[in-house]
Amino acid sequence: MRGFACLAYSFSMENPAKFIRYDVVDNIAEITFDRPPLNLIHTDLVLEYFTALEAAENDPDVRVVVVTGAGKGLSAGLDLKYAEHFDAAEMEAFLRLFYVETIARCRAVGKPMIAMVHGYAREGACTLAFACDMVIASDDATFGYPGVPNIAAPPGMHTWFLQRLIGRMKAAELIFTGKAISAAEADNAGLITRMVPREELRAETMALAADIAAMSPLALRNAKDFMYRMEDADFADVPEAALEVVSLAFDTEDSKEARRAFNEKRKPVWTGR
């Protein structure tokens, strides 16, 4: 059985990234999958992605993370040549890394994450997209979950994501047939944040990222954490949890500064404390 370490690589001159590009401009970290021609997913790409996420999390200048793909799309999904001869144990090891670890790491990043999707997004690419907090897609983007036709298996995590985002009836058709849907269909179903014209994708995504990056980094971290805590919470637990998270924020320097700035009709100066 192949070994799949759960530790990410460290980018360095001796060990440069081969499948990921990582750039930071104006408080926005952009992570680009760059494994031509289809950005197919395998272990090394996943590990490099984890390293990029760690770099963004540890950089105090980064306020927002944008995830995208080079070339014709985000990714065509799992590299089936790489996985063709996997047995159950090998596939389990890979999925523990890709599904379980990816979701955990994206949710642990205390900064909003936006997937900027054009072209094709298939199966594992949808995992990468929907592990983010928001998805901005161009009008040429398509989303598909071909687990049943391509690997004769359910589409994993998407069985959870799809039912919660668009309901069981619409999810069932996508899961059983593996057929792709357009960005317009995904937008109408509530599967993505918004659809924009292809030529405006980058500008629209970066404008959203810039708007978010202008917010208090402490407030963003707390809001993201609370959003996922509430995702499957029983409503009986919500009022007390909401009372606590909002009340505690009032003791932070950023909350005090936000209130002062509002009353003084000026832009706040955040300290992240």
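Every value quoted in this text rests on a predicted model; they were computed, and no experiment measured them. (Residues numbered from 1 in each chain as written. Predicted model: local features only at pLDDT ≥ 70, side-chain atom pairs only at ≥ 80, totals over all residues. Heavy atoms only, no water.)

(A) Structural context of the pairing of strand β5 (residues 113-117). The buried count for β5 comes to 5 of 5 residues, which makes it a mostly enclosed element. Residues Met113, Ala115 and Val117 point to one face of β5 and Ile114 and Met116 to the other, with burial holding for every one of them. Inspection of the sheet shows strand β3 (residues 64-69) paired to β5 by 4 bridges, in the parallel sense. Within the sheet, the bridge partner assigned to threonine 68 lies in β5 and is methionine 116. The pairing of β5 with strand β7 (residues 134-138) spans 4 bridges and is classified as parallel. Each residue of the ladder has a partner; that of isoleucine 114, found in β7, is methionine 134. (Buried < 20%, exposed > 50% of the residue type's maximum accessible area, 1.4 Å probe, protein only. Helix = DSSP H or I, 4+ residues; strand = E, 2+ residues; numbered from the N terminus. Pairing = 2+ DSSP bridges.)

(B) A look at the packing of helix α10 (residues 217-230) against helix α11 (residues 238-249). Taken N-terminus to C-terminus, the directions of α10 and α11 make an angle of 175°; their axes are 12 Å apart at the nearest point. Between α10 and α11, the crossing angle belongs to the class labelled roughly antiparallel. Within the contact between the two elements, α10 uses Phe226, Arg229 and Met230 and α11 uses Val238, Ala241, Ala242 and Val245. A breakdown of the residues in the contact of α10 with α11 according to their chemical character gives 6 nonpolar, no polar and 1 charged. (Axes fitted to C-alpha atoms, helices over the stretch in contact; angles between N-to-C directions. Parallel < 35°, antiparallel > 145°, perpendicular 65-115°, else oblique. Contact = heavy atoms within 4.5 Å. Nonpolar A, V, L, I, M, F, W, Y, C, P; charged D, E, K, R; others polar.)

(C) Local environment of the sheet that holds strand β1 (residues 20-25). Taken together, 6 strands build an open sheet; the order of strands is β1-β2-β3-β5-β7-β10 and the sheet is mixed. Of all strands in the sheet, those with a lone pairing partner are β1 and β10 (194-196), marking the two edges. Pairs of neighbouring strands in the sheet enclose a mean axial angle of 20°, with direction left out of account. In this fold helix α9 (residues 201-213) packs onto β2 (28-33), β3, β5, β7 and β10, with an angle of close to 175° to the strand it touches most, β5.

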